[in-house]
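Coordinate inspection notes
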Amino acid sequence: MDFSFLLNVDLLTFLLAFIVFGVWELIKIGKKDIDARIITSVNGAIAVIFAILVAAFGLETDVFSVMVKAGAVFAAGSFYDLLKAYGILKK
C-alpha cells in the first residue's frame, strides 16, 4: 500500500486535528469532567511536536504556515474547552 499521500502537509494537519478532537471527545464521554488546563497543555504539546516534525521532515519550509497548521491542531481540542481553561466560560 502506498502511503505517500501522508506527505501532503495539509492532509496530515487535517488528520491530526481530527484525531486529536476525536480522542478528547471520546475521553469526555467516559469521564465527564476533565480539567481544561490539561486539555490545553496536551493540545499545545501535540501542536509543538507536530510543528517540529513537519519542519524536520521538510514538508513545509514557511515558518508562518507551520505556525498556522500547528494552531489548527492546537485548537482541535475544542474551543469550548479552551475558553473554559482560561476562565472565560464558567461551568
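None of the values given here were measured: they were computed from a predicted structure. (Residues numbered from 1 in each chain as written. Predicted model: local features only at pLDDT ≥ 70, side-chain atom pairs only at ≥ 80, totals over all residues. Heavy atoms only, no water.)

1. Comments concerning a nonpolar patch on the surface
- A cluster of nonpolar side chains, Leu-11, Phe-14, Leu-15, Phe-18, Ile-19, Val-23 and Ile-27, forms an exposed patch at the surface whose accessible area comes to about 620 Å².
- Relative to the helices and strands, Phe-14 is located in helix α1 (residues 9–30). (Patch = residues over 30% accessible without salt bridge, like charges linked within 9 Å, V, L, I, M, F, W, Y side chains within 5 Å. Areas by Shrake-Rupley, 256 points an atom, 1.4 Å probe, with all protein chains shown as cover. Salt bridge = Lys/Arg side-chain N within 4 Å of Asp/Glu carboxyl O. Helix = DSSP H or I, 4+ residues; strand = E, 2+ residues; numbered from the N terminus.)

2. Quick word on α1
- Here α1 spans 32 Å end to end across 22 residues, near enough to the 32 Å set by a 1.5 Å rise per residue.
- Burial in α1 covers these residues: Val-9, Thr-13, Ala-17, Val-20, Trp-24 and Lys-28. One face of α1 carries all of its buried residues, which in axial projection span an arc of 75°. Those residues of α1 that are exposed and aimed more than 90 degrees away from the buried face are Phe-14, Phe-18, Leu-26, Ile-29 and Gly-30. (Expected span 1.5 Å × (residues − 1). Buried < 20%, exposed > 50% of the residue type's maximum accessible area, 1.4 Å probe, protein only. Arc of directions from axis to C-beta.)

3. Observations concerning the pattern of salt bridges
- Applying the stated criterion to the full structure yields one salt bridge.
- One salt bridge connects Asp-10 with Lys-69, and the closest N-O pair in it is separated by 3.2 Å. Pair noted here: Asp-10 is in helix α1 and Lys-69 is in helix α3 (residues 63–75), with a separation of 59 residues, a long-range link.
- Relative accessible area serves as the criterion here: at 13%, Lys-69 is assigned to the buried category.

4. Looking at the environment of Val-48
- Within the secondary structure, Val-48 is located in helix α2 (residues 36–56).
- Under the relative-accessibility criterion, Val-48 is labelled partly exposed at 48%.

5. Things to note about the nonpolar core
- Ranked by internal contacts, the top residues of the largest apolar core, which has 14 residues, are Val-20, Trp-24 and Val-54.
- Listed by contribution, the elements that provide at least two residues to this core are α1, α2 and α3.
- Among the elements that take part in this core, α2 stands out by supplying five residues, more than any other.
- When neighbours within four sequence positions are excluded, Val-54 is seen to be in contact with Val-9, Leu-59, Glu-60 and Val-66. (Core = buried A, V, L, I, M, F, W, Y, C linked by side-chain atoms within 4.5 Å. Contact = heavy atoms within 4.5 Å.)

All we've got here are geometric facts, nothing functional implied.
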